[in-house]
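# Observations on chain architecture
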There are 2 protein chains.
Amino acid sequence: MSEIPTAIRFGITGCADIARKVARAIKLAPNATLYAIASRSIDKARKFAADSGLSGAVKIYGSYDQLLDDPCVDAVYMPLPTSLHLHWAVLAARKKKHLLLEKPTALDVSELDKIMEACESTGVQFMAGSITSTMPGTQDFLESNIRVNPNLDALGALGDIGWYCIGAILWAKDYKLPTVVNALPDVLKNSAGVILSCSASIHWEPEDKTVATIHFSFLSHSSMDLAMTGSNGSMHCIDYIIPYQENSASFDFTSGATFVELQIGWNAKPGEVTVISELPQEALMVQEFARNAEDIRKFGKRPDSKWPEISRKTQLVLDAVKKSIDLGCKPVKL
Amino acid sequence: MSEIPTAIRFGITGCADIARKVARAIKLAPNATLYAIASRSIDKARKFAADSGLSGAVKIYGSYDQLLDDPCVDAVYMPLPTSLHLHWAVLAARKKKHLLLEKPTALDVSELDKIMEACESTGVQFMAGSITSTMPGTQDFLESNIRVNPNLDALGALGDIGWYCIGAILWAKDYKLPTVVNALPDVLKNSAGVILSCSASIHWEPEDKTVATIHFSFLSHSSMDLAMTGSNGSMHCIDYIIPYQENSASFDFTSGATFVELQIGWNAKPGEVTVISELPQEALMVQEFARNAEDIRKFGKRPDSKWPEISRKTQLVLDAVKKSIDLGCKPVKL
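Predicted model only: the values in this text are computed from it and were never measured.

### Things to note about the relation of the copies chain B and chain A
The two chain copies are related to each other by a rotation about an axis together with a translation along it. Once turned by 180 degrees and shifted 0.0 Å along the axis, chain B lies on chain A with an RMSD of 0.0 Å. Between the two chains, the operation in question is that of a two-fold axis. Within chain B, the C-alpha atom positioned nearest to the axis of rotation is that of Thr213 of chain B, 3.7 Å from it. Interface residue correspondence from chain B to chain A reaches 100%, placing this contact among same-surface, isologous pairings.

The structure is reproduced here in structure tokens:
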């Protein structure tokens, strides 16, 4: 009698660069294992396995369908271009694969709802795989890279970097949805009309007294700033998407700061808060996702609704930013 | 034959709290001396002199007119409420006093132009005295402080904190004027209609590919953030108005940062740049102003046009933000 393996077996559909980072994260997560890799080209899948030091250790498939039909695959990490998500994510869910779907989750929330309905109907866990994969763009990148191709990633910088900006803001507001979103003028697009750079302001009900501004761009120096100020404190993090080092992350925090006599200085400098983690953030993500999958498999639990809810809210705000841009930077109500 | 004193003799009109900081700066600046203090109440002027350790060392006047009529006063520092600037600043200029005028310089640029014309006609130096004087507001402050009184400082948080935000942005753009300014929704006002909190976006010609967002508020924790990202670098300063310590100021700077293999970290952490100064920034301001005044007195030079130009551009952008707010957050062209 063979023992049921406890590690969740992952299949990866698509050999994007970012998949190498997640392949490593799956290897690092103690409750996950990388089981299969699929590409539309079997040679590409083989090369990916070899480059990742996985030759002989993983199954190689020359089509996504074959991987999704493998009953040993428990979960799929899907780093496909956004325009392919609807088809393949729904299919994966129907094949009862837990779904770790690279961000942006879909072109809009109506697509995402179809994906989530498929996940709900088969009881699989959904989670957005928020792994950034963007560098400041060269001229070549800005015209031809997959992330700025209207047929592949039509949301451009909004879907890529904007996803994180929105995610961070929603996190800061404890996932309370805003009421109004307003893209700011100076939206820059490439010749195919894909967003390269844009800013937006995000607003809640007046009694919230909260405003957020976000800026996402393929045109500028790598910059990942999150600054928040509330009634009683302020914090800054300047590497909130990818920490400078993978085993620790820092932010500064000040509370109750005021000026000294004559206002010639402050009573306090910000304190630095450092969070140490043995596993990199993407491995923690895989671990959490695999834990949810294991809870479903072993204990018959329902999928954790937290992750699809967060993704759906992020997508709703992203849709509103897109709509505001399309309307010529008019305010859009949510 | 008496020697002509080289130190510029300052008079201060008005005994606002902030005047104590500038009185100290005048004492610290090697080429300036505090000569006279005026208040509408001579007792208040006396108390101010005593509190500042100046009793017996300065002339005390019970009216601004008397101070302006004193031929020994070379220059005036004027920390009066903004609505009083037009009258008193023009009078000071006519009396040939160099004018260090507390920010915001005027209620709008048409008032400022009258002040500057008066300065030009008598050949005196104009400089805006950008010394902040704001703490996060208590409920009492927000309804009754001079800075939120429509008859005294009608511009509220815009004139006080917004002045610095605009100044920093213009500095970063080497004083190139923007083309469009747009206040964002969620403008918060007190019961008298004075701005307590607001955000705005600032835009240049499309080929500039620059956008700036500013936020100024009396409602939040003390926070003085300046973050800039260009094509090739990023910088952050979180105490750009009042440095944490008065003899040094720091910012961080990164150039050419990119991600390491697999994007699990960065190739560089930001470097910290620290600027040491023997004199606090407000004493440097007084020193520069007194140097200009001395150049005019001793060498017959024209006033330095740099300072009025910077102030006028700051006021122009501030006016545009105000107009955008008044129009219900519509874009305003400059």
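### Regarding the domain arrangement of chain A
Residues and elements named next belong to chain A. Taken domain by domain, chain A consists of domain 1 (8-133 + 280-307) and domain 2 (139-278 + 317-333). The gap between the C-alpha centroids of domain 1 and domain 2 is 27 Å. The partner domain 2 presents 20 residues to the 21 residues of domain 1 that form the contact. Between domain 1 and domain 2, roughly 1600 Å² of surface is buried when both sides are summed, and carbon and sulfur atoms account for 51% of that area. Summed over the shared surface of domain 1 and domain 2, the result is 2 salt bridges. Residue Asp160 pairs with Lys103 through a salt bridge whose shortest N-O separation is 3.6 Å. Among the elements of the structure, helix 1 (17-28) and helix 8 (281-299) are those that each provide at least two residues to the side of domain 1 that touches domain 2. Ranked by residues supplied to the side of domain 1 that touches domain 2, first place goes to helix 8 with 3 residues. When its residues are assigned to classes, the side of domain 1 that touches domain 2 shows 9 nonpolar, 7 polar and 5 charged.

### Looking at the sheet that holds strand 11 (residues 226-229) of chain A
Residues and elements named next belong to chain A. Spatial ordering of the open sheet is given by 11-12-13-14, a layout of 4 strands whose pairing is antiparallel. Every interior strand has two partners, whereas the edge strands, strand 11 and strand 14 (271-276), have only one. Direction aside, neighbouring strands of the sheet carry axes that sit 20 degrees apart on average. Strand direction decides the pairing type here: strand 11 and strand 12 (residues 233-237), joined by 4 bridges, are antiparallel. Note on strand 12: the bridge partner recorded for Thr229 is Ser234.

### Describing the interface of chain B and chain A
Contacts between the two partners involve 60 residues from chain B, matched on the other side by 60 residues from chain A. Taken together, both faces of the contact between chain B and chain A bury some 5000 Å²; the carbon and sulfur share is 61%. By the criterion of area lost to chain A, the three top residues of chain B are His221, Tyr244 and Trp266 of chain B, representing 17% of everything that side buries. Inspection of the chain B/chain A interface yields 2 salt bridges. In this structure, the salt-bridge partner of Glu261 of chain A is Arg20 of chain B, at a minimum N-O distance of 2.9 Å. Applying the counting criterion to the chain B and chain A interface returns 24 residue pairs in polar contact (both at pLDDT 80 or more). Of all elements in the fold, only helix 1 (17-28), strand 9 (195-203), strand 10 (211-217), strand 11 (226-229), strand 12 (233-237) and strand 13 (248-255) of chain B reach the threshold of two or more residues within the side of chain B that touches chain A. Class assignment for the residues of the side of chain B that touches chain A results in 20 nonpolar, 28 polar and 12 charged.

### Overview of helix 8 (residues 281-299) of chain B
Spanning 19 residues, helix 8 of chain B covers 26 Å between terminal C-alpha atoms, matching the ideal 27 Å at 1.5 Å per step. Positive backbone phi, at 65 degrees, marks Gly300 of chain B, one or two positions downstream of helix 8 of chain B.

### Quick notes on the packing of aromatic side chains
Enumeration according to the criterion identifies 8 aromatic pairs over all chains in this entry. Each ring, one from Phe10 of chain A and one from Phe289 of chain A, has its centre 5.7 Å from the other, and the planes form 50 degrees; the classification is tilted. Of the two residues, Phe10 of chain A sits in strand 1 (residues 8-13) while Phe289 of chain A sits in helix 8, which places them 279 residues apart along the sequence. Note on Phe10 of chain A: relative accessible area 0%, which makes it buried. Relative accessible area serves as the criterion here: at 0%, Phe289 of chain A is assigned to the buried category. These aromatic residues form a ring-pair network of at least three members: Tyr244 of chain A together with Phe259 and Trp266 of chain B. A cation over an aromatic ring shows up here: Lys173 of chain A above the ring of Trp204 of chain A, its NZ or CZ 5.2 Å from the ring centre.

### Description of the packing of helix 7 (residues 156-172) of chain B against helix 9 (residues 306-326) of chain B
Residue and element names in this part refer to chain B. For the pair helix 7 and helix 9, interaxial distance at closest approach is 9 Å and the crossing angle is 120 degrees. Considering the angle they form, helix 7 stands oblique to helix 9. The crossing of helix 7 and helix 9 is right-handed. Contact residues: Leu158, Gly159, Trp163, Ile166, Gly167 and Leu170 in helix 7; Ser311, Lys313, Thr314, Gln315, Val317, Leu318, Val321 and Lys322 in helix 9. Here the residues of the contact of helix 7 with helix 9 are counted per class, giving 7 nonpolar, 5 polar and 2 charged.

### A look at the pairing of strand 12 of chain B
Residues and elements named next belong to chain B. Counted residue by residue, strand 12 has 5 buried out of 5 residues, so it is predominantly covered. By the alternation rule, side chains of strand 12 split into Gly233, Met235 and Cys237 and Ser234 and His236, which are all buried. Where strand 12 meets strand 13, 4 bridges bridge the pair, whose relative direction is antiparallel. The residue bridging Ser234 from the neighbouring strand is Thr254, located in strand 13.

Conventions and cut-offs
Residues numbered from 1 in each chain as written. Chains lettered and ligands numbered in written order. Predicted model: local features only at pLDDT ≥ 70, side-chain atom pairs only at ≥ 80, totals over all residues. Heavy atoms only, no water. Least-squares fit on C-alpha atoms with pLDDT ≥ 70 in both. Contact = heavy atoms within 4.5 Å. Domains from an automatic or database assignment. Buried area = accessible area lost by both parts, 1.4 Å probe. Salt bridge = Lys/Arg side-chain N within 4 Å of Asp/Glu carboxyl O. Helix = DSSP H or I, 4+ residues; strand = E, 2+ residues; numbered from the N terminus. Nonpolar A, V, L, I, M, F, W, Y, C, P; charged D, E, K, R; others polar. Pairing = 2+ DSSP bridges. Axes fitted to C-alpha atoms, helices over the stretch in contact; angles between N-to-C directions. Polar contact = N/O pair within 3.5 Å; in protein donor to acceptor, adjacent residues only side chain to side chain. Expected span 1.5 Å × (residues − 1). Phe/Tyr/Trp six-rings, centres within 6.5 Å; stacked < 30°, edge-to-face > 60°. Buried < 20%, exposed > 50% of the residue type's maximum accessible area, 1.4 Å probe, protein only. Lys NZ or Arg CZ within 6 Å of the ring centre and 35° of its normal. Parallel < 35°, antiparallel > 145°, perpendicular 65-115°, else oblique. Left-handed = near helix turned anticlockwise from the far one by under 90°.

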